[in-house]
Amino acid sequence: MPSPAQAFDSKHFLKHLSTKPGVYRMFDTEQKILYVGKAKNLKNRLSSYFRKEVDSEKTRLLVSQIQSIETTVTHTEAEALILEFHLIREHQPRYNILLRDGKGYPSIELTSAPYPRIAYHRGRRNEQHRYFGPYPNGHAVKQTLYLLQKLFQLRQCDDSFFNNRSRPCLQYQIKRCKAPCVGRISEEEYALDVLNTRLFLEGKSNRVVETFITQMEAASKALKFEQAAQFRDQIRALKSVQERQYVSGERGNLDVVACHQEGGQSCIQLFFIRHGRNLGNKSFFPKIALKSSPTEVIYAFLSQFYFQQEIPNEILLSHALEDQTVLSEAFSNKVGRKIKLSHKLRGERQRWMQMAVNNAKIALTSRLASRAGMNRRLQSLKNLLQLENLPQRMECFDISHTQGEATVASCVVFNAEGPLKSEYRRFNIKNITPGDDYAAMSQALQRRYSRLIKEEATLPEIIFVDGGKGQLSQAEAIIEELQLDVTLVGVAKGAARRVGDEELFLHSKAKPLDVRNETAALHLIQQIRDESHRFAIAGHRAQRGKKRVQSVLEKITGLGSKRRQSLLKHFGGLQGVQRAGIEDLSKVPGISGKLAQLIYDSLHL
């Protein structure tokens, strides 16, 4: 019997892992959590555990016990930090207890005295005081306190020092405190500073940021570039510590249920939110009938899962259900209290749902790329195309342009393990009539395979062409001219042009193939075609952007010159905008929630 370390295929797991920020959970053979960690880049961080040489003995011991790893992708690294904190406190993994100090993350404390004190806090909380956080690290808290001291001048001294002053201390002299200890400010005026501080920490005020923007512009106009750069850095620092975390704003108990479908399979992603804390997520891959809709899959999941499990007060859904009211009543009758099912979401709940949808996509992509699933679909493809052996290399071509502008052809490559992204290629199509997809396809195929033949490189056994019989006819001419011994398959959308109703052709003059008995093969072809389509669109957008000599922000519909300048000033540059979450973007004057979502999506393609 293989050991847990041998049973876990780290090489294959890492190959399909996301490079986005997030949290990872390592499990042993009994599915108990060994370790919870966060990462700015999940793939890079988890790869470090499986290097040939690992210095830490504890890390080697941890890796030897890993049976499986689950990940949760988040919008930002700071959000991953907070989720990691809650998961560690909830599950107490034994390797986190050994390897971490267990103190939790720091926060800012605002006391309840007549002249409240603002200070760094870590540990047990006093119910009479207010706390803001937790923050990602102690440096972020101390930097925030320093900035707040300059902006609002609240006292940070302890009570014994405060109560025994007869004259102002040095903090008053350097304008870091208004000396409430000796009555230099009234209790009412001080309370206003306390209110402004609280609003800032709650993310409800842009007053300080706007002040820094004004000062930065003034310094720049006065040619004081070093000073302007300091203000720019302060803006960035302010935004990083002001950033709201999506896991800490909701007080109730709810679950988030999202469904994603791809390649003939479905993934249900379930997030558990308890007392405003994201306790983690779980992926489900239900067996479904051909062409089952996401609505049908979610309904079946809810009716089977929640009649055996604890039901929270509310369940957020990615899709509306036809019998939503009936299901809600059934759940309510079961637990004796009202259970709400919601799908029209806004604000923080919409961001939670987006997180669940993103994780469902990632989980399903990883599953589709698994060796067992890939082998089954390759066997089905072999049967459908009547091949002698399982195909080991397949390539697919697609064309993308906007009314003939910046035409790009994509070529994606799949092998027996799934997508081979290092072999992907794009072709910028030139010297054709704008919008002529036939000529574009012909040029791409000729350039691709002329070069492979010249370099004596590996040739595919199957070439898929995304398009109708016209594109397939062009491909046939090129294949014949180059004398390639490959199977050529045309993938057309079908009469109804619906996903799942694709038609496959082995010849431009032949009838479509009957795929009813080989649906796994169709699902594989759909996945390859979709990947080729995605890769072509991404290349086209990049090429079009270069051709128009536009910045990243200029390509976003609805984002005019004034709003772009406002964004850049608010975040201190383009890098700051790219790091910002949707909530932070929507706080900029003139940026609505819808536009913030569009900006975020455009910057994270």
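As a reminder, the structure under discussion sits directly above these lines.
All values reported here derive from a predicted model rather than from experimental measurement. (Residues numbered from 1 in each chain as written. Predicted model: local features only at pLDDT ≥ 70, side-chain atom pairs only at ≥ 80, totals over all residues. Heavy atoms only, no water.)

Engineer: Give me the overall build of the chain: which residues, what numbers.
Structural biologist: For the chain, the count of helices and strands is 23 helices and 18 strands. Of all intrachain contacts in the chain linking residues separated by at least 6 positions in sequence, the fraction that spans at least 24 positions is 62%. Total accessible area on the chain stands at roughly 31,200 Å², and carbon and sulfur atoms take up 47% of it. (Helix = DSSP H or I, 4+ residues; strand = E, 2+ residues; numbered from the N terminus. Contact = heavy atoms within 4.5 Å. Areas by Shrake-Rupley, 256 points an atom, 1.4 Å probe, with all protein chains shown as cover.)

Engineer: Could you give me a rundown of the packing of helix H17 (residues 437–455) against helix H18 (residues 469–482), with the residues and numbers involved?
Structural biologist: Closest axis-to-axis distance for the H17/H18 pair is 9 Å, and the angle between their directions is 30°. Accordingly, the angle class assigned to the pair H17 and H18 is roughly parallel. For the pair H17 and H18, the sense of crossing is right-handed. Between H17 and H18, the residues in contact are Asp437, Tyr438, Met441, Ser442, Leu445, Gln446, Tyr449, Ser450 and Ile453 and Gly470, Gln471, Gln474, Ala475, Ile478, Glu481 and Leu482, respectively. Classifying every residue of the contact of H17 with H18 gives 8 nonpolar, 6 polar and 2 charged. (Axes fitted to C-alpha atoms, helices over the stretch in contact; angles between N-to-C directions. Parallel < 35°, antiparallel > 145°, perpendicular 65-115°, else oblique. Left-handed = near helix turned anticlockwise from the far one by under 90°. Nonpolar A, V, L, I, M, F, W, Y, C, P; charged D, E, K, R; others polar.)

Engineer: Residue-level account of the sheet that holds strand S6 (residues 130–132), with values.
Structural biologist: Pairing is antiparallel across the open sheet formed by 3 strands, whose spatial order is S5-S4-S6. Of all the strands in the sheet, the pair left with one neighbour each is strand S5 (118–121) and S6. On average, each strand axis in the sheet is inclined to that of its neighbour by 30°, with strand direction left out of account. Both strand S4 (residues 107–110) and S5 contribute to a ladder of 4 bridges, which runs antiparallel. What sits directly across from Leu110, in S5, is Ile118. Together, S4, S5 and S6 form the strand contacts of helix H10 (residues 187–201), whose direction differs from that of S6 by roughly 40°. (Pairing = 2+ DSSP bridges.)

Engineer: Go over the nonpolar core with me, naming the residues and quoting the values.
Structural biologist: In this structure, Phe397, Phe427, Leu445, Tyr449, Ile463 and Leu488 are the most contacted members of the largest nonpolar core, which totals 24 residues. Ranked by residues supplied to this core, first place goes to H17 with 6 residues. Here Ile463 is in contact with Glu395, Phe397, Leu445, Tyr449, Ile479, Val486, Thr487, Leu488 and Val489, once residues within four sequence places are set aside. Of all hydrophobic cores here, the second largest spans 23 residues; its members include Phe414, Ile462, Val515 and Phe535. (Core = buried A, V, L, I, M, F, W, Y, C linked by side-chain atoms within 4.5 Å. Buried < 20%, exposed > 50% of the residue type's maximum accessible area, 1.4 Å probe, protein only.)

Engineer: Got a sec to walk through the sheet that holds strand S2 (residues 33–39)? Specific residues and values, please.
Structural biologist: Within the open sheet, the 3 strands sit side by side as S2-S1-S3. Their pairing is antiparallel. Looking at strand neighbours, the two that pair on one side only are S2 and strand S3 (68–73), the edges of this open sheet. On average, each strand axis in the sheet is inclined to that of its neighbour by 15°, with strand direction left out of account.

Engineer: Which residues make up helix H23 (residues 593–603), and what values do they have?
Structural biologist: Buried within H23 are the following residues: Leu595, Ala596, Gln597, Ile599, Tyr600 and Leu603. Against the buried residues of H23 lie helix H20 (561–571), helix H21 (574–579) and helix H22 (582–586).

Engineer: Let's hear about unusual backbone geometry: which residues, and what values?
Structural biologist: Unlike most non-glycine residues, Gln31 shows phi in positive territory, near 60°. Here Gln31 is to be found in the loop between strand S1 (22–27) and S2. Assessed through its relative accessible area of 44%, Gln31 is described here as partly exposed. Positioned with a positive phi, Asn431 is a non-glycine residue whose angle comes to about 60°. The residue Asn431 is located in the loop between strand S15 (425–428) and H17 in this model.

Engineer: Explain the environment of Cys259 to me, using residue names and the numbers behind them.
Structural biologist: In this fold, Cys259 is placed in strand S7 (residues 254–262). For the pair formed by Cys259 and Leu270, sequence separation is 11 residues and the distance between their alpha carbons is 9.0 Å.

Engineer: Which residues make up the packing of aromatic side chains, and what values go with them?
Structural biologist: All told, the structure shown has 13 aromatic pairs when counted by the stated rule. Ring centres of Tyr115 and Phe162 lie 6.2 Å apart, and the angle between their planes is 50°; this geometry places the pair in the tilted category. A residue pair is termed long-range when its members are at least 10 positions apart, and Tyr115 in the loop between S4 and S5 and Phe162 in helix H8 (residues 159–163) qualify at 47 residues. Neither residue differs from the other here; Tyr115 and Phe162 are each classed as buried. With 5.6 Å between their ring centres and 70° between their planes, Phe284 and Phe305 make a pair best called edge-to-face. (Phe/Tyr/Trp six-rings, centres within 6.5 Å; stacked < 30°, edge-to-face > 60°.)

Limitation: the analysis is restricted to geometry and does not speak to function.
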